[in-house]
Amino acid sequence: MTWLAWRVQRSSILASVSAVSLVGVWLVAGGFALHHSTNAARWTELDVAMLFALPCFVGLAVGAPLVGEELDRGTVRLAWSQEASRGRWLGSKLLVATAAIGPPFALLAGLVGWWSRTLAVPDSLFTGVGIAPADFDVTGPAFVSYALFAFALGILLGALLGRPIWAFVAGVPTYVAVRSAVQELLRPRMIPPLRFVDRTGDVPAALTHAWVFNAAWQASGPTARGAAPPTLGGLPESVMRCVAQPGHPPTIAACARLLRLQYTGLYQPPDRYWVLQGIESAIFLALAFALCALGALAVRHHSV
Amino acid sequence: MSDNQAAVATYGLGKRYRRSRALSECTFSLPPGRICGLVGPNGAGKSTLLRILAGLTVPDAGSFELLGETPGPGRSGWRRVAYLDQDRPLYRRFSVAETLRAAAALNATFDFGWARRTLEDLGFDLHQTVGTLSGGQQTQLALIWCLGRRPALLLLDEPTSALDPLARESLVRLLLATVAENGTTVIVSSHAVSELGQFCDFLVLLTRSQVRLTGDVDELLASHRLLVGAAESSPPGTVLSSATAGRQATVLVRSEGELFAPGWDAEPVDLERMVVAYLRLYACAEDESAALDATTSARVRS
């Protein structure tokens, strides 16, 4: 059974593993260049975009044909009319494909994580500790769980749509929607975030390497009725005018003090990296599991 | 399984697709060890029936028994049932040898040595890719996959369609030799009624999703007669078809028991003639009922 699962899927698996390896080689090569370079070279946006897209594309490329291609080519009518049950047939495929794509992603996640820690160029897209989305999403178990989620999504869509290409086309926006929803709505609140308040106008030390969100300027101090001070959004115009006016203090910090403004927001400190990674990957592994279960249900009840 | 137990028994099987009815009220019983011809025009529901019996399609109505058991969930009820699909799905990128390995992987019972020997005897190159085999060779390979499972029940959907006469003959020979050796029950669907007449001893006739005629071929032939007589007299029995040439009429009649027909010459009928008469009868009946429907709806409208 394992042999058959491997033989049927080997082209999509080999193509996917090659893609992951190529990205790995590309990053290692770039890393060596970086290591020997004296100027502040760093990973480009292209590298980062590649790492973001990789779990989605590779997961779908292996998942979508897993059932979809056999439905498309009609070979299910061969495979499902034998002694082996549809459950065993699907199980062996899942086992082989997961074993084939899991380790390369784990390796790549480890490589990128090690890299971003070693790199630690202050103005890099990678902050070096990695709790902000740019680092967080391409390192650790979360990176592997994204690939498995896309893989399971491909299986279910392939089983429902019966065409691997449609499953792929439908899978990309679904993947992006789910990932964004978790990142924007869930992840900031997985652990209650901390609040910072700064009246000095300098970036607080606690925010170094932290993931900052909802940051905004506010009028400092309680208002007349004791209500929360109104939020002003980005750097207020009054501060800009103050800095520009001759005779006033020249720095933003001094102006902010003068105008009784404060900079405040929420953040997740960098030492929560592993806890957040654990929660995030648990969510995506659970989703992957649920999608596989639905895929198995679809396979079981498919009339062909 | 005792001898008098049916190899296949269906009770009111029905299947609907989105728009059309593929099968309705399908009931028949096939004794073990028989070769059953499943005949009917295109779209009559032959493939749907075979796919239901193979466990690929779930019927909307009715139930069935295979080899004396009602198949439950999973494949345990189909362990000894092999099925050859109309499209002969095979893994096109596999070699012939890999195809046999796949058959062995999917089946606990698969006679790998026999299948390999048979393929070699038929002149197959085991390293050749399945996609590059001719249509006839692909059918042979798919059939050997089925036969290698040593099934007790073999379901074949149009096994000889799109084959040249030579390939057809060798396929039928291979099938009959193996089936006779193992006492396999076979259901084989086909358009080629004359060909089925050579080896079928049981018949199920389907038109427009319904079973119209079923039974032992010899018994069916015995209860049908071709009568030749004067055109103006009425023949005995149930008239299935009639043709008049001048003052002489040739009619096909069905009658249980002895046929007493004064003034008519009775001749035995062959399978093809009988099947064609039935197909024509139900095709006409449907045209008439369709015409009736049309007039009724026209009347309702006016």
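Residues numbered from 1 in each chain as written. Chains lettered and ligands numbered in written order. Predicted model: local features only at pLDDT ≥ 70, side-chain atom pairs only at ≥ 80, totals over all residues. Heavy atoms only, no water.

Here we look at the overall build of chain A
Check the secondary structure of chain A and you find 10 helices and 4 strands. Its helices and strands in sequence order give chain A the pattern α-α-α-α-α-α-α-β-β-β-α-α-β-α, from N to C terminus. When each of the 304 residues of chain A is scored for burial, the buried share is 50%. A separation of at least 24 residues holds for 77% of the contacts in chain A among residues at least 6 apart in sequence. A total of about 14300 Å² of accessible surface is found on chain A, and carbon and sulfur atoms cover 68% of it. (Helix = DSSP H or I, 4+ residues; strand = E, 2+ residues; numbered from the N terminus. Buried < 20%, exposed > 50% of the residue type's maximum accessible area, 1.4 Å probe, protein only. Contact = heavy atoms within 4.5 Å. Areas by Shrake-Rupley, 256 points an atom, 1.4 Å probe, with all protein chains shown as cover.)

A look at the overall build of chain B
Counting secondary structure elements, chain B contains 8 helices and 13 strands. Here the analysis covers contacts within chain B between residues at least 6 apart in sequence; of these, 69% occur between residues at least 24 apart. Within the structure as shown, chain B displays about 14500 Å² of accessible surface, and the carbon and sulfur contribution to it stands at 49%.

Thoughts on the interface of chain B and chain A
Counting from both sides, the interface comprises 28 residues of chain B and, opposite them, 27 residues of chain A. Taking both partners together, chain B and chain A bury about 2600 Å²; carbon and sulfur atoms supply 54% of that area. It is B:L56, B:Y91 and B:L106 in chain B that bury the most area against chain A; as a group they hold 27% of the surface buried on that side. A salt bridge links B:D85 to A:R77, with the nearest nitrogen and oxygen atoms 2.5 Å apart. For the pair chain B and chain A, the number of links is 21 residue pairs in polar contact (both at pLDDT 80 or more). Here the side of chain B that touches chain A gets 5 residues from one element, more than from any other, and that element is helix α2 (residues 96-106) of chain B. In terms of residue class, the side of chain B that touches chain A is built from 14 nonpolar, 4 polar and 10 charged. (Buried area = accessible area lost by both parts, 1.4 Å probe. Salt bridge = Lys/Arg side-chain N within 4 Å of Asp/Glu carboxyl O. Polar contact = N/O pair within 3.5 Å; in protein donor to acceptor, adjacent residues only side chain to side chain. Nonpolar A, V, L, I, M, F, W, Y, C, P; charged D, E, K, R; others polar.)

A short note on the side chain of B:R75
Positionally, B:R75 belongs in the loop between β4 (61-66) and β5 (81-84). At a separation of 3.2 Å, a polar atom in the side chain of B:R75 contacts the main-chain carbonyl oxygen of A:W80.

What to know about the environment of B:D60
Residues and elements named next belong to chain B. The residue D60 is located in the loop between α1 (46-53) and β4 in this model. Judged by its relative accessible area of 48%, D60 is partly exposed. Separated by 45 residues in the primary sequence, D60 and K15 have C-alpha atoms spaced 5.1 Å apart. Beyond its immediate sequence surroundings of up to four residues, D60 is in contact with G14, K15 and R16. Here R16 takes part through its backbone nitrogen, which lies 2.5 Å from a polar atom of the side chain of D60.

A closer look at the sheet that holds strand β3 (residues 35-39) of chain B
Residues and elements named next belong to chain B. Spatially, 6 strands are ordered β5-β6-β7-β3-β8-β9 in an open sheet, and the strand pairing comes out mixed. The open sheet has two edge strands with one neighbour each: β5 and β9 (210-216). Within the sheet, the average angular offset between the axes of one strand and its neighbour, ignoring direction, is 15°. For strand β8 (residues 202-207) and β9, the ladder comprises 6 bridges, and the chain directions are antiparallel. Counterpart to L205 in the pairing with β9 is L213. Sheet contacts for helix α4 (residues 135-148): β5 and β6 (153-157); angle to β5, the most-contacted strand, approximately 175°. (Pairing = 2+ DSSP bridges. Axes fitted to C-alpha atoms, helices over the stretch in contact; angles between N-to-C directions.)

Regarding the environment of A:S18
Residue and element names in this part refer to chain A. As for its placement among the helices and strands, S18 is situated in helix α1 (residues 2-36). On the accessibility criterion, S18 (37% relative accessible area) is partly exposed. Once the C-alpha coordinates of S18 and P104 are considered, the two residues, 86 residues apart in sequence, prove to be 9.5 Å apart.

Some remarks on the sheet that holds strand β12 (residues 248-254) of chain B
Residue and element names in this part refer to chain B. Read across the open sheet, the 4 strands follow the order β11-β12-β10-β13; overall the sheet is antiparallel. Both edges of this open sheet fall to β11 (238-245) and β13 (264-268), since each of them pairs with a single strand only. Taken over all neighbouring pairs, the strand axes of this sheet differ in orientation by 25° on average, direction set aside. Across 5 bridges, the pairing between strand β10 (residues 224-230) and β13 is antiparallel. Across the sheet, the residue bridging to V228 is D265, located in β13.

Description of helix α6 (residues 140-161) of chain A
With 22 residues, α6(A) ought to run about 32 Å at 1.5 Å a step, and its terminal C-alpha atoms sit 32 Å apart, in line with that. Just past α6(A), the residue A:G162 takes up positive phi, approximately 70°. (Expected span 1.5 Å × (residues − 1).)

Some points on unusual backbone geometry
We note that B:R150 has phi near 50°; this positive angle belongs to a residue other than glycine. Among the structural elements, B:R150 can be located in the loop between α4 and β6.

Focus: a nonpolar patch on the surface
Residues and elements named next belong to chain A. A surface patch of nonpolar side chains, about 530 Å² in accessible area, is lined by L160, L161, I165, W166 and V169. When contributions to the nonpolar patch are tallied by element, the ones reaching two or more residues are α6 and α7 (164-186). Residue position: L161 is located in helix α6. The class for L161 is partly exposed, based on a relative accessible area of 39%. (Patch = residues over 30% accessible without salt bridge, like charges linked within 9 Å, V, L, I, M, F, W, Y side chains within 5 Å.)

Section: the pairing of β3(B)
Residues and elements named next belong to chain B. Across the 5 residues of β3, 5 count as buried, placing the element largely inside the fold. Taking every second residue as pointing to the same face, both faces of β3 are buried, with I35, G37 and V39 on one and C36 and L38 on the other. Sheet topology note: the β3/strand β7 (residues 185-190) ladder contains 5 bridges and is parallel. Bridge assignment links C36 to a residue of β7, and that residue is I187. Sheet topology places β3 next to β8; 4 bridges connect them, and they run parallel. Its bridge partner being in β8, V39 is matched across the sheet by L205.

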